[in-house]
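Per-entry structural report
Letter by letter, the chains look like this.
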Amino acid sequence: MKLGIVGLPNVGKSTLFNAITSAGAEAANYPFCTIEPNVGVVAVPDSRLDVLAEMYKPEKVTPAIIEFVDIAGLVKGASKGEGLGNKFLSHIREVDAIVHVVRCFEDENIIHVDGSVDPVRDVETIETELLLADIEMIERRLERAKKALKGDKSVESEVELFTRVLEWLSSGKPVRALELSKEEIAAMADTPLLTRKPVIYAANLSEAELADPCSNPHYRKLAGLAAEQGAEIMPISAAIESELAELESDEKTAFLEELGIEESGLDRLIRASYRLLGLISYFTAGPKEVRAWTIKRGTKAPQAAGKIHSDFERGFIRAEIVAYDDLIACGSITAAKEKGLVRSEGKEYVMCDGDVTLFRFNV
C-alpha cells in the first residue's frame, strides 16, 4: 500500500512524514523545500504478529508494510505547472490513497501561503487543482474516443462514459463520489484520475488541542466538510509525532498517557487507511518466518497466495486455514488440528482478516 501525503506548503506535511517514517526528509519554513518525493516504509503495527511469534519462535518476523510518499506542497495553478505542479501531480497518480494534511493550528511564526489559516479554503485549493488536472486528462481521452468512434462503433460506450465523467468533474465534484459500474471502472483502469483516489484529511493541530480536537474551530469546519464529502478525517499533531519519534517504546506509552491520548497518530492513520482502502491482513506462520500479508477484503485464496509468489496462485491446490482467535485459544497448531479447527479451503474461499494460512500448490 502506498499513501501520498499532500497539502499546501507549510502545513506540517514534511514534519509529519519525518516523524512517522524517521526518514529525515527536509522540513523547512519556506515553500517547495520538497521537490522530489521522499519515500519512507513503515511497518504496520499488529499485536497478533507478536503473539504468533511467541507461539512459533520463528527465525524471522515480517510485518506488513505501508509506503508513505511525501509529495511537495501544491499551490494554486499547480495543474498548469505553477510551482512545478505538473511534476507533483504526476507523483500523486502513483499512490493508492491520499493523506491530505490540513493546517488547523495558529502560529504566527509559521507562515501560511495565503496569509491566514482556513482549512476549507485550503482543501478547496488542492481539490480544484486535482479536478482541473483530471478534466484535462478526460478531455484528451474523450477526444481520442470520439475520433475512434468514426471507424469503430464499439467505443460508443466509452464516449458516453467519458462524457458523463467530464460533466461530473466540470460540476466541481470528485470522481470518487461518482457511481460507476464494474465495467465502467474497468474501462477507466488506464486513466489514473487524481480525484478517484480515496482521501483522509489529517487535521494538523497544536499539542494542546489534540486531546479535544472539537475545541478547535478550524477542526470543526474541516470535520463539517469531510462529513459532506463522506471522507475520513483524523486529528493529528505533527509536533507530537515528532516528539514520539525520539522516544523509546515505554516512554512513548507514558507520553501518550500524559497527553490523554490512547495511541499515536501513525497507528490511527494506518488503521484509517486500511478501512478506507478495504484492506485486511492474513498470516503465514512457521519456524522459519511469521509474516503478515495485506490483501483487499473479498480476495479469494488463490489470489491471496499470489501475493506470496505467482507460482502459488498458478499451481494453487488448497489452503489450510485456522482463524487466529481459534489458534490462540488452542495454544498450538497441533491442538487446533486435533479439535478440527484447521479447515481445507478451495479456490472459491474468500479470505478473512486474521486467517493463519498454509497454501498447498503444485507447478
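Relevant structure appears above.
Basis of the calculations
- Residues numbered from 1 in each chain as written.
- Predicted model: local features only at pLDDT ≥ 70, side-chain atom pairs only at ≥ 80, totals over all residues.
- Heavy atoms only, no water.
- Axes fitted to C-alpha atoms, helices over the stretch in contact; angles between N-to-C directions.
- Helix = DSSP H or I, 4+ residues; strand = E, 2+ residues; numbered from the N terminus.
- Parallel < 35°, antiparallel > 145°, perpendicular 65-115°, else oblique.
- Left-handed = near helix turned anticlockwise from the far one by under 90°.
- Contact = heavy atoms within 4.5 Å.
- Phe/Tyr/Trp six-rings, centres within 6.5 Å; stacked < 30°, edge-to-face > 60°.
- Buried < 20%, exposed > 50% of the residue type's maximum accessible area, 1.4 Å probe, protein only.
- Lys NZ or Arg CZ within 6 Å of the ring centre and 35° of its normal.
- Core = buried A, V, L, I, M, F, W, Y, C linked by side-chain atoms within 4.5 Å.
- Pairing = 2+ DSSP bridges.
- Nonpolar A, V, L, I, M, F, W, Y, C, P; charged D, E, K, R; others polar.

**Digging into the packing of helix 1 (residues 13-21) against helix 8 (residues 238-245)**
Contact geometry for helix 1 and helix 8: axes closest at 8 Å, N-to-C directions at 30°. Accordingly, the angle class assigned to the pair helix 1 and helix 8 is roughly parallel. At the point where helix 1 passes helix 8, the crossing takes the left-handed sense. Side by side, helix 1 and helix 8 meet where Thr-15, Leu-16, Ala-19 and Ile-20 of the first sit next to Ala-238, Glu-241, Ser-242 and Ala-245 of the second.

**Focus on the packing of aromatic side chains**
The relative placement of two aromatic rings is captured by the distance of their centres and the angle of their planes. Throughout the structure, instances matching the rule amount to five aromatic pairs. Aromatic pair Tyr-282 and Trp-293: ring centres 6.5 Å apart, planes at 15°, arrangement stacked. Placement of Tyr-282 in strand 8 (residues 279-285) and of Trp-293 in strand 9 (residues 289-296) is noted, with a sequence separation of eleven residues between them. The pair formed by Tyr-282 and Trp-293 is uniform in burial state, with each residue classed as buried. Members of the aromatic cluster, connected to one another through ring pairs, are Tyr-282, Trp-293, Phe-316 and Phe-359. Between the NZ or CZ atom of Lys-173 and the centre of the ring of Trp-168, over which it lies, the distance is 4.2 Å. The ring of Trp-293 carries the charged tip of Arg-291 above its face, separated from the ring centre by 4.0 Å.

**Details of the nonpolar core**
Counting residues in hydrophobic clusters, the biggest one holds 69 residues, and the most contacted among them are Leu-52, Phe-68, Ile-92 and Leu-222. Ranked by the residues each element gives to this core, the list is headed by helix 10 (residues 265-277), at six residues. Formed by 17 residues, the second largest nonpolar core is a distinct cluster that contains Ile-135, Met-137, Ile-138 and Leu-193.

**Details of the sheet that holds strand 5 (residues 97-103)**
With mixed pairing, six strands are arranged side by side in an open sheet as 2-4-1-5-6-7. Looking along the sheet, the strands with just one partner apiece sit at the ends: strand 2 (38-43) and strand 7 (232-236). Each adjacent strand pair in this sheet contributes to an overall mean axis angle of 25°, direction not counted. When strand 1 (residues 2-6) meets strand 5, the two strands line up parallel, connected through four bridges.

**Some points on the packing of helix 4 (residues 119-149) against helix 5 (residues 156-170)**
Their axes nearest at 9 Å, the elements helix 4 and helix 5 cross at an angle of 155°. In this view, helix 4 runs roughly antiparallel relative to helix 5, as classed from their interaxial angle. Considering only the axes of helix 4 and helix 5, their crossing is left-handed. Side by side, helix 4 and helix 5 meet where Leu-131, Asp-134, Ile-135, Ile-138, Glu-139, Arg-141, Leu-142, Ala-145, Lys-146 and Leu-149 of the first sit next to Glu-156, Glu-158, Val-159, Phe-162, Thr-163, Val-165, Leu-166, Leu-169 and Ser-170 of the second. The residue makeup of the contact of helix 4 with helix 5, split by class, is eleven nonpolar, two polar and six charged.

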